[in-house]
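Descriptive analysis of the structure
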Amino acid sequence: MIERTEAQQFSREEVGLALRNHGMHLEGLRYPTTPIGMHYLLIHFDIPAIDESSYALEIKGCVRNRMKLSLEDLKQREKVSRTVVMECAGNGRSKLSPRPISAPWGEEAVGCARWTGTPLAPILEEAGLLDEAVEILFSGSDRGIDAGVEHTFERSLPVQEALREDLLLAYEMNGQPLPPQHGYPLRLIVPDYYGVASVKWLESITALNEPFDGIQQVVKYLYQESEEDPGVPITRKLPRALMVPPGIPEYLTRRRYVSPGRIPIEGRAWSGYGRIERVEFSFDGGNSWEDTRLGEPEDPDAWTPWSYEWVAEPGEYELCARATDESGRTQPLQTDESWNVGGYCVNAVQRVPVSVRP
Ligand SMILES: Nc1nc2c(c(=O)[nH]1)N[C@H]1C(S)=C(S)[C@@H](COP(=O)(O)O)O[C@H]1N2
Ligand SMILES: [Mo]
């Protein structure tokens, strides 16, 4: 039985958002690369209809040479693949109380795909950024209304960040043409940053001589402790570890059931602030912690596998996992420590209720 408290009631609108934007099945943490249909999705407006034959990416604004690149032009350029963990900045939001109203993620808004495309930096160099360029704006072709304002989905990066050598203009995901829902025919991939930076259905790149002040930049995706707080823009992913929930689930509550004995626990961890240095496991809700064994990530931007052998005795438990990265950042124990107006960057430790029964 589930008790229905006020805070647990999701509105029809939140359920609608969750149906359009599904998460990754946590058992998908078993795979080094997330299969396309299992990778989470976040589509603010509609998936735009784009005709590849007339498609061209425009490079404009404060540049010496304006450029128009067809998909074929982009495919002729240097081809690079990177395995990149992507996570929505709103991951964990639904655990906050009171709950900010937006995509009601648990902690499944993540995936790690192999993206193939061409590096962005050489294109910006060819376009020749003028000295007055301060930010690079990435515009999608999707349009809608949010915060009461009609706009195109656009995000900017400071010039220095846009010139990083690890940014990709991707036209393939896991070796296939980008599927419509993931940005066909072209998207930006910004490793280390939350997913919002990786603009899908990319239509143009504009060098700006002043900071971009669009809705998705200065109204949404700010970490604000209160409505009065001017807030800090969201950039890099905070560390997080997740485990594959062990045993079998109860259909409705997802509570896990396992038999006593040696239970292999496995999962993945990541951070936008450098390597994962440590992942700890707890079976008692975070009172005591044990170090787990770390594996090697498939790529510098991919997630890090970890494993632990839990010797389970009959009883009721709460399994937790906690990651620490090389910058020393780690995960809070309690969700409400990271309460913020928009419900971003909520990286409290995962908690998995388990019954151990013969
Ligand atoms: N054009 C466009 N780009 C976008 C979005 C969008 O709605 N429109 N959503 C962003 C957000 S918030 C996230 S988390 C990622 C999700 O990428 P995915 O759906 O491929 O997992 O795309 C980002 N890029
Ligand atoms: Mo997102």
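Residues numbered from 1 in each chain as written. Chains lettered and ligands numbered in written order. Predicted model: local features only at pLDDT ≥ 70, side-chain atom pairs only at ≥ 80, totals over all residues. Heavy atoms only, no water.

**Regarding the site of ligand 1**
Surrounding ligand 1, one finds 19 residues, the nearest of these being His44, Asp142, His182, Arg187 and Lys200. In the environment of ligand 1, an oxygen atom lies 2.8 Å from a nitrogen or oxygen atom belonging to the side chain of His44. Take Ser198: an N or O atom from its main chain is 3.0 Å from a nitrogen atom of ligand 1. The protein chains hide 100% of the 530 Å² of surface that ligand 1 would expose on its own. Its residues assigned to classes, the shell around ligand 1 comprises 11 nonpolar, 5 polar and 3 charged. (Near = heavy atom within 4 Å. Polar contact = N/O pair within 3.5 Å; in protein donor to acceptor, adjacent residues only side chain to side chain. Areas by Shrake-Rupley, 256 points an atom, 1.4 Å probe, with all protein chains shown as cover. Nonpolar A, V, L, I, M, F, W, Y, C, P; charged D, E, K, R; others polar.)

**So, the sheet that holds strand β13 (residues 240–243)**
Strand pairing in a sheet relies on backbone hydrogen bonds. The paired strands run either parallel or antiparallel. Ordered in space as β13-β16-β20-β19, the 4 strands form an open sheet in which the pairing is antiparallel. Edge positions in the sheet fall to β13 and β19 (293–294), since each has one partner strand and no second. One ladder, built from 9 bridges, connects strand β16 (residues 261–270) with strand β20 (residues 304–312); its direction is antiparallel. Paired with Pro264 across the two strands is Glu309, which belongs to β20. (Pairing = 2+ DSSP bridges. Helix = DSSP H or I, 4+ residues; strand = E, 2+ residues; numbered from the N terminus.)

**A few points about a negative patch on the surface**
Side chains of Asp51, Glu52, Glu72 and Asp73 sit close together on the surface and give a patch of like negative charge. Considering the arrangement of structural elements, one finds Asp73 in helix α2 (residues 71–76). Overall, the relative accessible area of 34% leaves Asp73 in the partly exposed class. (Patch = residues over 30% accessible without salt bridge, like charges linked within 9 Å, V, L, I, M, F, W, Y side chains within 5 Å. Salt bridge = Lys/Arg side-chain N within 4 Å of Asp/Glu carboxyl O. Lys, Arg positive; Asp, Glu negative; His and termini not counted. Charge placed at Lys NZ, Arg CZ, Asp CG, Glu CD. Buried < 20%, exposed > 50% of the residue type's maximum accessible area, 1.4 Å probe, protein only.)

**Description of the sheet that holds strand β22 (residues 350–356)**
In space, the 6 strands of this open sheet follow the order β14-β15-β22-β21-β17-β18, with mixed pairing throughout. Edge positions in the open sheet fall to β14 (248–249) and β18 (290–291), since each of these has one partner strand only. For strand β17 (residues 276–282) and β18, the ladder comprises 2 bridges, and the chain directions are antiparallel. Considered in β18, the bridge of Glu280 is made with Asp291.

**As for the side chain of Ser156**
Turning to its location among the elements, Ser156 is positioned in strand β6 (residues 149–158). Only 2.7 Å separates the side chain of Ser156 from the side chain of Glu135, close enough to count as a polar contact. Leaving out residues up to four positions away in the same chain, Ser156 has contacts with Glu135, Ile136, Leu137, Phe212 and Gln217. (Contact = heavy atoms within 4.5 Å.)

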